Structures are given as structure tokens and as C-alpha cells.
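Geometric and topological summary
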Amino acid sequence: TDKAPRLQIEMGPYGFRYAAIRRPIKDASSHDYVRATIFVAPATVLIPPNNLYNVANINVPMDDTNTAFYFIAWGHPSQTPETETWRRFLRQTVGVDLDHEYRPLRNDANRFWQDRQAMKAGNFTGITGFPNQDIAMWLTMGPISDRHLDRLGASDLAVVEFRKQMIEAARAFADGAPAIGTGEGAIPASVCSFQAIIPKTVDWRAYDVSYVWADGIERPELEPSYSVKA
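Described below are features of the structure shown in this document. (Residues numbered from 1 in each chain as written. Predicted model: local features only at pLDDT ≥ 70, side-chain atom pairs only at ≥ 80, totals over all residues. Heavy atoms only, no water.)

1. A word on the overall build of the chain
Across its full length, the chain carries four helices and seven strands. Counting from the amino terminus, helix and strand elements in the chain follow one another as β-β-β-β-β-β-α-α-α-α-β. The C-alpha atoms of the chain give 19 Å as radius of gyration, which agrees with the globular expectation for 230 residues (17 Å, within 12%). Principal-axis analysis of the C-alpha atoms gives the chain an extent of 45 × 45 × 35 Å. Looking at the chain residue by residue over its 230 residues, the buried ones come to 33%. Of all intrachain contacts in the chain linking residues separated by at least 6 positions in sequence, the fraction that spans at least 24 positions is 54%. (Helix = DSSP H or I, 4+ residues; strand = E, 2+ residues; numbered from the N terminus. Rg over C-alpha atoms; globule rule 2.2 N^0.38 Å. Buried < 20%, exposed > 50% of the residue type's maximum accessible area, 1.4 Å probe, protein only. Contact = heavy atoms within 4.5 Å.)

Take a look at the structure:
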């Protein structure tokens with residue numbers, strides 16, 4: 001219900017962590033709802049997991065105007081979706097959502113198969129599959145976006161820090177420093193993303209968390225929120 005989170009940053013030699021802090025539905029006077037995301041330079045984002053498995057995306061530049069986008073889940077086999085189930089859930093099935101070279105069939109010309117009726121019924125984007133919503137945003141900016149036209153606000157704190165850190169890292173590397181996130185600057189195995197409701201007396205930066213890897217939990221079947229026909 002809190003749609004305007006406060007954002008906070010913790011910088012690191014591997015990238016940075018940032019937390020979106022919201023009011024929880026219960027105990028809002030004494031607790032915060034925290035979603036902490038991690039950027040691992042140069043191309044990985046560890047997304048706050050659900051209670052069954054971990055999630056991340058990797059965006060690898062292929063050339064000046066094309067990027068390979070990987071959306072991955074990992075955890076214990078008993079509660080992590082196998083490849084085809086994961087593809088169906090994300091609407092990334094070859095022959096249905098992607099062509100044989102893994103290129104999206106949704107595009108600007110067909111409005112990414114946006115479902116206006118679903119939007120009228122309460123779906124915010126009308127586009128199924130979390131990656132497809134991101135891809136629609138990226139592609140409609142054009143091959144190379146003119147960042148001079150950006151109007152950044154408080155909710156763009158992580159965007160600002162990403163740009164500053166990567167520019168500084170590139171300049172440092174050009175001057176002979178190690179690449180960001182390598183050697184002693186690599187991300188520690190103990191650092192991971194999380195979402196939790198924690199007491200206000202606890203700093204999210206020091207909150208003790210670990211990757212989701214538990215056995216014996218029945219895994220519910222992943223189902224898209226609604227269906228879309230081309």
C-alpha cells in the first residue's frame with residue numbers, strides 16, 4: 001500500500017546495495033518493509049527473492065545498440081522452477097514469445113501485445129511477463145537514449161549512483177587500477193539481496209540474511225496473472 005518508498009544506498013567495491021523502504025501493513029510504527037537489491041558490476045543485479053528461490057538478471061552488452069538480457073532463478077531443486085516452467089511464467093517460451101534465435105516477438109509495432117482490457121480491469125501495464133515489461137520500456141527509448149533529456153528524481157537514486165560509479169570505475173581502470181569488482185574488490189559470498197519486515201531499530205545494512213536454499217517446502221505451480229492473445 002506504500003507506493004512511495006524511501007531509497008538508501010550502500011556503496012561497495014563490487015558495486016552497491018540499495019534499499020527501498022516502505023511502511024508495512026502491520027506494525028508500521030515499529031517496523032519497516034525493506035527490499036534490498038544489489039548491483040554487481042559490471043552487468044548483474046540480484047533482485048529481492050521470494051520465499052522459495054533467488055532471482056537475478058544479467059544485462060550483457062553485445063555491441064553499441066544491442067544487449068543480451070538473462071533473467072534467472074536458482075535455489076534448491078525442490079522449490080525452484082525448471083527451465084520450461086520458468087520460461088512460461090516469464091512469457092519467454094521459444095515459438096510462442098520468442099523466435100528461434102530468442103528474439104522477442106513482442107515489439108513496438110504490435111505494442112508488445114498490450115492488453116487494454118486487462119488494464120481496465122486493474123493490471124498496470126497490460127503486458128504479461130516481468131521481463132517483457134522491462135523490455136517494452138527499454139526499446140521505446142530507442143537504440144541510444146539521449147540522457148541529456150533525463151529528468152531524474154528521488155526515486156532514481158540507484159540510477160544516479162550506478163552512472164557515477166561506473167564512470168569512475170572506467171576512469172580508474174584506464175589509469176591502471178584493477179577492474180571494479182575483481183580481486184579483493186569481489187563481492188563477498190555473504191552479501192545477498194533480501195526482502196523482509198525488520199524493526200526500525202535495525203539498520204538494513206547490517207541485517208543478517210542468506211540466500212534462499214531450503215528443502216521440504218512444497219512448490220506451488222507458477223501461473224501467469226492473465227492470458228494475452230496476439
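After that view, the rundown keeps rolling.
2. Some words on a nonpolar patch on the surface
Side chains of Val60, Tyr70 and Ile72 sit close together on the surface and give an oily, nonpolar patch of about 250 Å² of accessible area. The residue Tyr70 is located in strand β6 (residues 67–74) in this model. (Patch = residues over 30% accessible without salt bridge, like charges linked within 9 Å, V, L, I, M, F, W, Y side chains within 5 Å. Areas by Shrake-Rupley, 256 points an atom, 1.4 Å probe, with all protein chains shown as cover. Salt bridge = Lys/Arg side-chain N within 4 Å of Asp/Glu carboxyl O.)

3. Observations concerning the environment of Val60
For Val60, the position within the fold is in strand β5 (residues 54–61). The exposure class assigned to Val60 is partly exposed, which follows from its relative accessible area of 34%.

4. Here's the deal with helix α4 (residues 157–174)
Under the 1.5 Å per step criterion, the end-to-end length of α4 is 26 Å for 18 residues, consistent within 8% with the ideal 26 Å. Buried residues along α4 sit against β1 (6–12), β2 (15–22) and β3 (31–40). (Expected span 1.5 Å × (residues − 1).)

Remember, this is a structural readout, not a statement about activity or role.
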